[in-house]
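Residues per chain, in single letters:
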Amino acid sequence: MCSRSSLLLFMIYFSVCSRTGKQPNSLAKLINYSNRNEFTRINVTYDAPSIYEGHKKNIEFFKTLNMEDNDIIVLCHDDIDIISNQEDLLKYLEVTRKPNVGFVGIAGSTYLPHDGAWWNARGTNDARGFVFQGQNPETMMPNYFGKAGQVVVLDGCFLAITYGNLKKIGIDEPEYLETGWDFYDIHMTYKAHLDGFSNYVVPIIAMHESPGQMREGWYTAKEKFMRHHASTIRYSKLPTDKTHGLP
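All values reported here derive from a predicted model rather than from experimental measurement.

Cut-off values and rules
Residues numbered from 1 in each chain as written. Predicted model: local features only at pLDDT ≥ 70, side-chain atom pairs only at ≥ 80, totals over all residues. Heavy atoms only, no water. Buried < 20%, exposed > 50% of the residue type's maximum accessible area, 1.4 Å probe, protein only. Helix = DSSP H or I, 4+ residues; strand = E, 2+ residues; numbered from the N terminus. Pairing = 2+ DSSP bridges. Axes fitted to C-alpha atoms, helices over the stretch in contact; angles between N-to-C directions. Contact = heavy atoms within 4.5 Å. Arc of directions from axis to C-beta. Lys, Arg positive; Asp, Glu negative; His and termini not counted. Salt bridge = Lys/Arg side-chain N within 4 Å of Asp/Glu carboxyl O. Core = buried A, V, L, I, M, F, W, Y, C linked by side-chain atoms within 4.5 Å.

S.K.: Explain the pairing of strand S5 (residues 101-105) to me, please; I cannot follow it from the model alone.
M.R.: One face of the sheet, then the other: side chains in a regular strand alternate in exactly this way. With five of five residues buried, S5 lies mostly within the body of the structure. Pairing analysis gives three bridges linking S5 to strand S12 (residues 198-201), with the strands arranged parallel. Bridge pairing in S12 links Val101 to Ser198. Here S5 runs beside strand S11 (residues 158-162); their pairing, made up of two bridges, is antiparallel. Looking at S11, one finds that Gly105 is bridged to Leu159.

Here it is as structure tokens:
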């Protein structure tokens, strides 16, 4: 069992899904980042049948550590290296504990363009966030999307939410997507938006190893998602100039 200090108001649990034999260099750094802090824990599930099942398995483990509803779960990729210091990590993750806040992430947009690629909202100044992309600090490149603030959808490389709110939104695999690995981030964050929660991009700085190339399954899932939400997605746009800043 995990015992926590009475001075800790909440714990942060990193839930990671990875594959045996294909761990990126950043995974060891993420594990080390978590292990050196008294307020963070991490669990990695390997070779799960879907990302939903992988995160569920991690959550079951966290429950054995006495995880509480006001604790924070970070659903993240295995190829991110967190650069922000402990103070900033705590400061910006605590946004998840504000009233009516759903998911908090490091990149997203105030609407989902018709092509299903949230980052293309950058063309209309409606994207938000910042991330370094590359395999090491010597070669990483900055990728700026926009100022921090409220969004409709978030990228899945880093998604944080309180355990209590995650239970309300749910983490079950939707039948309409027919895939366990693609578009899960848009599904979950958009569901939070439809359920009345407010999602936010916060300035937590990280390096993401992935070059951002979409697999064939992503395009199939995108078409399924856009058809399933055709009646609402075109109207789900936040006024960018009025949603800057954090709660």
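After that view, the rundown keeps rolling.
S.K.: Quick question: what am I supposed to make of the pairing of S11 here?
M.R.: Of all five residues in S11, five are buried; the element is thus mostly enclosed. Both faces of S11 are covered, namely the face carrying Phe158, Ala160 and Thr162 and the face carrying Leu159 and Ile161. Where strand S3 (residues 72-76) and S11 come together, five bridges link them in antiparallel fashion. Its bridge partner lying in S11, Cys76 is registered against Phe158.

S.K.: Honestly, the sheet that holds S11 in this entry has me stumped. Any pointers?
M.R.: Note: strands within a sheet are paired through backbone hydrogen bonds, in either parallel or antiparallel orientation. Strands sit in the order S2-S1-S3-S11-S5-S12-S9 across an open sheet of seven strands; the sheet is mixed. What marks the edges here is a single partner per strand, and that holds for strand S2 (40-46) and strand S9 (149-151). With strand direction ignored, the average angle separating the axes of adjacent strands in the sheet is 25°. The strands that helix H1 (residues 25-35) touches are strand S1 (12-18), S2 and S3; relative to S2, the one it contacts most, it runs at about 150°. With respect to the sheet, helix H2 (residues 51-63) is in contact with S1, S2 and S3, its orientation differing from that of S1 by roughly 140°.

S.K.: Teacher, can you tell me more about H1 here?
M.R.: Since there are 3.6 residues in each turn of an α-helix, residues three or four apart along the chain are aligned in direction. Residues of H1 that are buried: Ser26, Leu27, Leu30, Tyr33 and Ser34. Down the axis, H1 shows its buried residues gathered within 125° of arc, on one side only. In this structure, H1 carries Asn25, Ala28 and Asn35 as exposed residues pointing more than 90 degrees from its buried face. Looking at the buried residues of H1, the elements they touch are S1, S2, S3, strand S4 (80-82), helix H3 (86-93) and strand S13 (206-208).

S.K.: Help me understand the side chain of Arg128 in this model?
M.R.: Within the secondary structure, Arg128 is located in strand S7 (residues 127-133). Despite being buried, Arg128 has no salt bridge partner; Asp126 is the closest side chain of opposite charge, sitting 6.9 Å away.

S.K.: In this structure, what is going on with the pattern of salt bridges? I would like to understand it.
M.R.: Two side chains carrying opposite charge are able to pair once their charged atoms lie near each other. Counted according to the given criterion, the structure contains 11 salt bridges. Among the salt bridges present, the one from Lys237 reaches Asp126, with a minimum N-O distance of 3.4 Å. One end of the pair, Lys237, is in the segment after helix H7 (230-233); the other, Asp126, is in the loop between strand S6 (107-109) and S7, and 111 residues separate them in sequence. A salt bridge links Lys222 to Glu223, with the nearest nitrogen and oxygen atoms 2.8 Å apart. Ionic contacts of the salt-bridge type, sharing partners, join the residues Glu53, Lys56 and Asp172 into one network.

S.K.: Just to check I follow, could you spell out unusual backbone geometry for this structure?
M.R.: Glycine aside, negative phi is the norm for most residues, and most peptide bonds take the trans geometry. The phi dihedral of Asn100 falls on the positive side, at around 70°, and the residue is not glycine. Mapped onto the fold, Asn100 is located in the loop between H3 and S5. The partly exposed category is assigned to Asn100, whose relative accessible area is 46%. Phi is positive for Asn125, which is not a glycine, with a value near 60°. With respect to the element layout, Asn125 can be found in the loop between S6 and S7. Judged by its relative accessible area of 61%, Asn125 is exposed.

S.K.: What is the right way to look at the nonpolar core in this model?
M.R.: Across soluble globular proteins, nonpolar side chains show a tendency to be buried alongside one another. In this structure, Phe14, Phe103, Phe158 and Phe225 are the most contacted members of the largest nonpolar core, which totals 76 residues. Residue contacts for Phe158: discarding those within four places in its chain leaves Phe14, Val74, Leu75, Cys76, Ile80, Ile82, Leu93, Val104, Gly105, Ile106 and Ile204.

S.K.: Looking at this structure, I do not really get the side chain of Ser15. What am I missing?
M.R.: Along the chain, Ser15 falls in strand S1. A residue is classified by how much of its surface remains accessible, and Ser15, at 0% relative accessible area, is buried. Excluding residues within four positions of it along the chain, Ser15 makes contact with Asn43, His55, Asn58, Phe62, Ile73, Val74, Leu75 and Cys76.

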